[in-house]
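Structure at a glance
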Amino acid sequence: MKIAAIAGSNANHSYNRMLLKFVARHFSDDDVDVIDIRPVPMFNENFKGKIPEVVADIDRRVAGADAVIIASPEYNHSITSALKSLVEWLSYEVHPLQDKPVMIIGASTHDQGSSRSQVQLRDILISPGVNAYIFQNEEFFMSNVKSIMTEDGEITDERTIQFLEKCVREFKRYAKAIDRMVQEKKGAEA
Ligand SMILES: Cc1cc2nc3c(=O)[nH]c(=O)nc-3n(C[C@H](O)[C@H](O)[C@H](O)COP(=O)(O)O)c2cc1C
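Residues numbered from 1 in each chain as written. Predicted model: local features only at pLDDT ≥ 70, side-chain atom pairs only at ≥ 80, totals over all residues. Heavy atoms only, no water.

Remarks on unusual backbone geometry
Phi angles above zero are rare outside glycine, and N76 is one such case at about 50 degrees. For N76, the location among the structural elements is in the loop between β3 (67-71) and α3 (81-89). Using a relative accessible area of 76% as the deciding quantity, one classes N76 as exposed. The backbone phi angle of N144 is positive, close to 45 degrees, even though this residue is not glycine. (Helix = DSSP H or I, 4+ residues; strand = E, 2+ residues; numbered from the N terminus. Buried < 20%, exposed > 50% of the residue type's maximum accessible area, 1.4 Å probe, protein only.)

Digging into the site of the ligand
Taken together, 15 residues lie around the ligand, and S9, S14, N16, H77 and S108 are the ones closest in. H77 is positioned with one of its backbone polar atoms (N or O) 2.8 Å from an oxygen atom of the ligand. Within the side chain of S108, a nitrogen or oxygen atom sits 2.6 Å from an oxygen atom of the ligand. Considered on its own, the ligand offers 620 Å² of accessible surface; in the complex 76% of this is hidden by protein. Looking at the shell around the ligand, its residues break down into 4 nonpolar, 10 polar and 1 charged. (Near = heavy atom within 4 Å. Polar contact = N/O pair within 3.5 Å; in protein donor to acceptor, adjacent residues only side chain to side chain. Areas by Shrake-Rupley, 256 points an atom, 1.4 Å probe, with all protein chains shown as cover. Nonpolar A, V, L, I, M, F, W, Y, C, P; charged D, E, K, R; others polar.)

Some thoughts on helix α5 (residues 158-189)
Its 32 residues place the ends of α5 46 Å apart at the C-alpha level, agreeing with the 46 Å of an ideal helix rising 1.5 Å per residue. Turning to α5, its buried residues number three or more, namely T160, I161, L164, C167, V168, F171, Y174, A175, I178 and V182. Buried-residue contacts for α5 involve α1 (15-26), β3, β4 (101-107), β5 (133-134) and β6 (140-142). (Expected span 1.5 Å × (residues − 1). Contact = heavy atoms within 4.5 Å.)

Comments concerning the side chain of R122
Summarising the element assignment, R122 is placed in helix α4 (residues 115-125). Residue R122 is classed as buried on the basis of its relative accessible area of 18%. Setting aside chain neighbours within four positions, we find R122 in contact with I104, I134, Q136 and E139.

Focus: the side chain of Q118
Within the secondary structure, Q118 sits in helix α4. Using a relative accessible area of 2% as the deciding quantity, one classes Q118 as buried. Among the polar contacts made by the side chain of Q118, one reaches the main-chain carbonyl oxygen of F140 at a distance of 3.0 Å. Residues in contact with Q118, not counting those within four places in the same chain, are I104, I105, G106, G113, F140 and F141.

Okay, structure coming up:
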């Protein structure tokens, strides 16, 4: 499956980006494209009719994917400004998340494991203009990430890897079901 994997951090050293790179390495039967949002400028509405090339590139990569995984860090019990800004870009002149199956995961250096940001992101992703389908049957919160991820981005806890495998497996089933439903909807509307 072709998966666009968006890391919601603009830090140079990001556990969430490393988590997605782990996903790309570990699930090598799938084509996982890790999207780095560091170059994305802060959203504003001055770009009527056109968007920055870096956003256009992300638009193409998300639109061309069968499914999307977003690794959402948590700042101040919230999603990061960088990720919110990207979602604003992707719900303005372009709408690549429309009808896309999305799984939210996240890592945090604290106990919270990015849980609040994940819950908040679900609401954001179903807002008008975004209209994604959110996988909610499993929740992957990686708390105290420094204790189970090495500086090379390897996960050292076998149970965490097994749970991640289960989440991705279930998500892929969900994504296929959503794709069938969306195709049927488009057929009915045609
Ligand atoms: C300003 C700030 C606020 C933070 N707030 C939270 C928080 O509310 N919950 C949490 O679990 N971690 C919080 N953290 C810690 C982050 O989980 C940690 O910085 C993490 O590494 C960010 O993800 P990244 O490594 O992918 O950039 C905060 C960090 C910063 C710098």
